[in-house]
Amino acid sequence: MKALLPPMQRFPLSFANLRARWRAGLPLRYTMMLVVVLGVSLPAVLLLTLEQELAEKSQKALLAQSESALMKIGSVSIAEPMWVVDRVALDAAAVRLLESPQVVAVRIEDGLANTPELERVRPEFARSLHDDAQAGRLTRRVQKVMRSGEELGTLVVWFDASYGQGLLQARRSQMLSLVALQVLAILAVLMPVLVSRVLKPIERLKEQATALLDHDHTDAHGNRFVWRRQDELGLLGRHLSLVQSELRELFGQLGAKNAQLQQMAFYDQLTGLPNRALFIDLVQREMLQAHRSQQQFGIFFIDLDRFKAVNDSMGHAAGDELLIEVARRLRDTLREVDVVCRQSGDEFLVMVRDIDHWESLGEMAERILRVVEEPVQLANTTVRVSASIGIALFPEDAQDFETLVKHADVAVYQAKTLGRARYSFFHSELNFRLQASLELEQQLAHAIAHGELVLHYQPQVDAMSGAVVAVEALVRWQHPTRGLLFPGQFIGLAEESGKIAEMGVWTLREACRQLADWKARGIRVGNMAVNVSALEFRDHRLLDSLQAALAASGIAPSELEIEITESVLMAETETSQRIIERLRQLGVGIAIDDFGTGYSSLAYLKRLRPNQLKIDQSFVNDADTDSDSRAIVRGVVGLANALGLSVVAEGVETIEQQAFLQESGCHTLQGYYIARPLAVEALEAWMAERHNKETAV
């Protein structure tokens, strides 16, 4: 298998791998060793090469001189034996020449015959003399042999051309050994210095740089990064320490910002509760878990009752304090496994986990209702609010978040319809009711715009004489398909949808117009009383609407009476106070409707000085049988007389009630016993009939 692999795959440390590793970067330790080795060895090798070239040139010159000298000496030494033809001496002279290590072979030729006289060859070259000469491994020199100017013959000598190479090679080996020893000695001396002065500080700098990412302040041995060196590496280390301190501060700021952003993204800024985005995520996770474990959980939709009244009357700051307190109570009441979220305004959502049966949701809702209804101290004033709770179950009522919350909202509507301050479970028919309510809301907007609203008027008569002193304008809705609708069927919807202000503007304008019309026709009905809801009364546009209605109709301000409930006095916001003062300046009368059913202080009566108090019909209805109601009626009449106010008794339905109220000193009576609320034509007919009876008498 190995034989089949190409060479580059059989040897991992091939040139290509080394080149790739070199490009990737060697460790600094090996790089420095390589630099030291190359820095020491390359100059030495260059010097050695230059020295070898010079030595080779000088050696060649010396060898040439030596060869020339040997040729001269040899020619002289054989001249005499050649002259006397002494072959023994010639042979001895040739042997002496061969004693030189340079000489390979010697030939003595006779000058006359031009034939070898004598030839001597070293044994090792005897067989390859001719071939070596042909190959250039031998140098052939020729020297004439002279005696007294006469040429005796020729001396031919072959010299070993590689004689000097051995010496040069031996010298080269010695120099290389010296260079290697020099490199090792330098490495032995320099490397400890480089390691201690360069490599270790750099390694420490690397640890310090790594610690920047880990937010650590110590090295591998637990020591802090303190640099006392005054060189460049010490300066760099101190700079890194400064960078680390700045990064640590920056990371702290980023962490705080990140926590702040996360808080803003997933938590309500006012109450600190999870917001809708986080709540959706938690509910969807709980849905997956409930699917797997075949369990159920509940969603509470909590809507605070009367929160808008507190918020509008005491200001948004008080409203915020109230929401914070309600949020705290919800957290304290719920279990740790449950999640409460502020959805918007005064609406909260709760996810109730790990429920065994639906009755347990009712028990928890009861606890929430009780804690919400506890008094809250706001700006030296004690206020009370309640809550309406709608409950939807997963997976019975819905299997996705939006539908589940929508169904819980439908259940809230049912709870409010039943009287508020209670909880209600979702069931399918609630959807139909909600759709009907939404449809009715759209129809109400159409009714206001297209004149489907009408006013009925209920007379108020003097308790003693029976003369009509005023009429109260009461709005009705002439529905095109459902017939005549009474306020209880649409006023609450108008308040929730925000249409109540438009209805109030129309009511004021129409009531003033009708009074002007009656006056113009000589029909005397006294003053016109118009009921203004708390929401209307807190609207700064009320004064503009009222003045516009007076101006358009031409009636005197004193002929108009505005009826407000005790809740307006209880709130007494800056806007309400300003409106009351302005009404008094205009000369418009002010009546407190349903007096005795609210929580107002008598100090308000002293400060605001209304013109009239209207005793709630609940006390009048019970006056026949209930001594407490009779006592309350007498007490209100006595209080009004003491303050110089007139009293109107509402809900007079029997002659006995009329007699009691007359006996108690009540000034004005209003109720079915006198007359029901009547349309314009019916009221005119009633007054005409009454006038005829009085005339007949």
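What you are looking at is a predicted structure, and each value in this text was computed from that prediction instead of being measured.

Help me understand the pairing of strand β6 (residues 339-344), please; the structure alone is not making it clear to me.
Across a regular strand the side chains alternate sides, sitting on one face of the sheet and then on the other. The buried fraction of β6 is high, at five of six residues. Inspection of the sheet shows β6 paired to strand β7 (residues 347-352) by five bridges, in the antiparallel sense. Paired with V340 across the bridge in β7 is V350. Between β6 and β7, which pair antiparallel one after the other, the connecting turn spans two residues, and G345 there sits at a positive phi close to 55°.

So what exactly am I meant to see when it comes to the side chain of E650 here?
Looking at where E650 falls in the secondary structure, it is placed in the loop between β19 (646-649) and α23 (655-664). A residue is classified by how much of its surface remains accessible, and E650, at 11% relative accessible area, is buried. Among the polar contacts made by the side chain of E650, one reaches the side chain of K614 at a distance of 3.3 Å. Residue contacts for E650: discarding those within four places in its chain leaves E472, D593, D594, K614, I615, D616, Q617, V620 and Q670.

Can you walk me through the packing of aromatic side chains in this structure?
Two descriptors summarise a pair of aromatic rings, namely the distance from one centre to the other and the angle between the planes of the rings. Applying the stated rule across the entire model yields five aromatic pairs. Taken together, a centroid distance of 6.1 Å and an interplanar angle of 65° make the contact between F279 and F401 edge-to-face. Remark: F401 occurs in helix α12 (residues 401-417) and F279 occurs in helix α8 (residues 276-293); sequence separation between them is 122 residues. As far as the burial class goes, F279 and F401 line up, both buried.

Explain helix α15 (residues 500-520) to me, please; I cannot follow it from the model alone.
Side chains of residues three or four places apart in an α-helix project in the same direction, reflecting 3.6 residues per turn. Taking 1.5 Å of rise per residue, the 21 residues of α15 would be expected to cover 30 Å, and the 30 Å separating its terminal C-alpha atoms lies within 8% of that figure. Three or more residues of α15 are buried, namely I500, M503, G504, W506, T507, L508, A511, C512, Q514, L515, A516 and W518. Of the residues trailing α15, G522 is marked for its positive phi of about 80°.

For this particular structure, what's the right way to read the packing of α15 against helix α17 (residues 542-553)?
When two helices pack together, their arrangement is captured by the angle between the axes and the distance separating the axes. Contact geometry for α15 and α17: axes closest at 9 Å, N-to-C directions at 25°. In terms of their interaxial angle, α15 and α17 are classed as roughly parallel. Of the two possible hands of crossing, α15 and α17 adopt the one that is right-handed. Across from V505, L508, R509, C512, R513 and A516 in α15, the residues of α17 making contact are L542, S545, L546, A549, L550 and S553. When its residues are assigned to classes, the contact of α15 with α17 shows eight nonpolar, two polar and two charged.

What is the right way to read the sheet that holds strand β5 (residues 297-305) from this model?
Each strand in a sheet pairs with its neighbour through backbone hydrogen bonds, running either in the same direction (parallel) or in the opposite one (antiparallel). In spatial order, the strands read β6-β7-β5-β10-β11; together these five strands make up an open sheet with mixed pairing. What marks the edges here is a single partner per strand, and that holds for β6 and β11 (423-425). Going across the sheet, the axis of each strand differs from the next one's by a mean of 20°, ignoring polarity. As paired elements, β5 and strand β10 (residues 386-394) share nine bridges and run antiparallel to each other. For F301, the partnering residue across the bridge sits in β10 and is G390. Here helix α11 (residues 358-373) sits on the sheet in contact with β5, β7, β10 and β11, set at roughly 160° to β10. Along the sheet face, α12 touches β5, β6, β7, β10 and β11 and points at about 140° away from the line of β10.

Hey, could you run me through the confidence of the model for the protein chain in this one?
Of the residues in the protein chain, 84% reach a pLDDT of 70 or more, and the chain-wide mean stands at 81. Of all secondary-structure elements in the protein chain, the lowest mean pLDDT belongs to helix α1 (residues 7-10), at 42, while β7 reaches the highest, 95. Every residue in residues 1-13 scores below 50 in pLDDT, and together they form eight contacts with partners more than four places removed in sequence or on other chains.

What is the right way to read the pattern of salt bridges from this model?
Side chains that differ in charge, positive against negative, can pair when their charged atoms come close. Overall, the coordinates contain 21 salt bridges when judged by the stated rule. Between R276 and E402 there is a salt bridge; the shortest N-O distance is 3.1 Å. Placement of the pair is R276 in helix α8 and E402 in helix α12, with a sequence separation of 126 residues. Its relative accessible area of 25% is what places R276 among the partly exposed residues. Across the salt bridge formed by D338 and R335, the nearest N and O atoms sit 2.7 Å from each other. The class of R335 is partly exposed, set by a relative accessible area of 33%. Salt bridges linked by common partners bring E325, R328, R329 and D332 together as one network.

Even after reading the chapter, I still don't get helix α4 (residues 87-98), so can you show me in this structure?
Taking 1.5 Å as the rise per residue, α4 with twelve residues should run 16 Å; its terminal C-alpha atoms sit 16 Å apart, in good agreement. Every buried residue of α4 is listed here: L90, D91, A93, A94, L97 and L98. In a view along the axis of α4, the buried residues occupy a sector of 160°, so they form one face of it. The opening residue of α4, the one whose side-chain oxygen lies 3.3 Å from the backbone nitrogen of V88, is D86.

How do you make sense of the nonpolar core when you look at a structure like this?
Grouped burial of nonpolar side chains is what soluble globular proteins tend to show. Within the largest apolar cluster, 74 residues are counted, with the highest numbers of intra-cluster contacts made by Y457, W518, M528, L560, L661 and L669. Filtering out sequence-adjacent residues up to four positions away, M528 remains in contact with Y457, V471, A473, A511, L515, W518, E559, L560 and E561. Ranked by size, the runner-up nonpolar core spans 34 residues in total, among them L334, V350, A387 and L393.

Looking at this structure, I do not really get unusual backbone geometry. What am I missing?
A negative phi holds for most residues other than glycine; trans holds for most peptide bonds. Across the junction of F394 and P395, the peptide omega takes the value 5°, indicating a cis bond. Secondary-structure assignment places P395 in the loop between β10 and α12. Positive phi, close to 55°, is recorded for Q294, a residue that is not glycine. Within the element layout of this structure, Q294 appears in the loop between α8 and β5. One non-glycine residue with positive phi stands out, namely A421, at about 55°. Looking at where A421 falls in the secondary structure, it is placed in the loop between α12 and β11.

The rules behind the values
Residues numbered from 1 in each chain as written. Predicted model: local features only at pLDDT ≥ 70, side-chain atom pairs only at ≥ 80, totals over all residues. Heavy atoms only, no water. Buried < 20%, exposed > 50% of the residue type's maximum accessible area, 1.4 Å probe, protein only. Helix = DSSP H or I, 4+ residues; strand = E, 2+ residues; numbered from the N terminus. Pairing = 2+ DSSP bridges. Polar contact = N/O pair within 3.5 Å; in protein donor to acceptor, adjacent residues only side chain to side chain. Contact = heavy atoms within 4.5 Å. Phe/Tyr/Trp six-rings, centres within 6.5 Å; stacked < 30°, edge-to-face > 60°. Expected span 1.5 Å × (residues − 1). Axes fitted to C-alpha atoms, helices over the stretch in contact; angles between N-to-C directions. Parallel < 35°, antiparallel > 145°, perpendicular 65-115°, else oblique. Left-handed = near helix turned anticlockwise from the far one by under 90°. Nonpolar A, V, L, I, M, F, W, Y, C, P; charged D, E, K, R; others polar. pLDDT = per-residue confidence, 0-100. Salt bridge = Lys/Arg side-chain N within 4 Å of Asp/Glu carboxyl O. Arc of directions from axis to C-beta. Core = buried A, V, L, I, M, F, W, Y, C linked by side-chain atoms within 4.5 Å.

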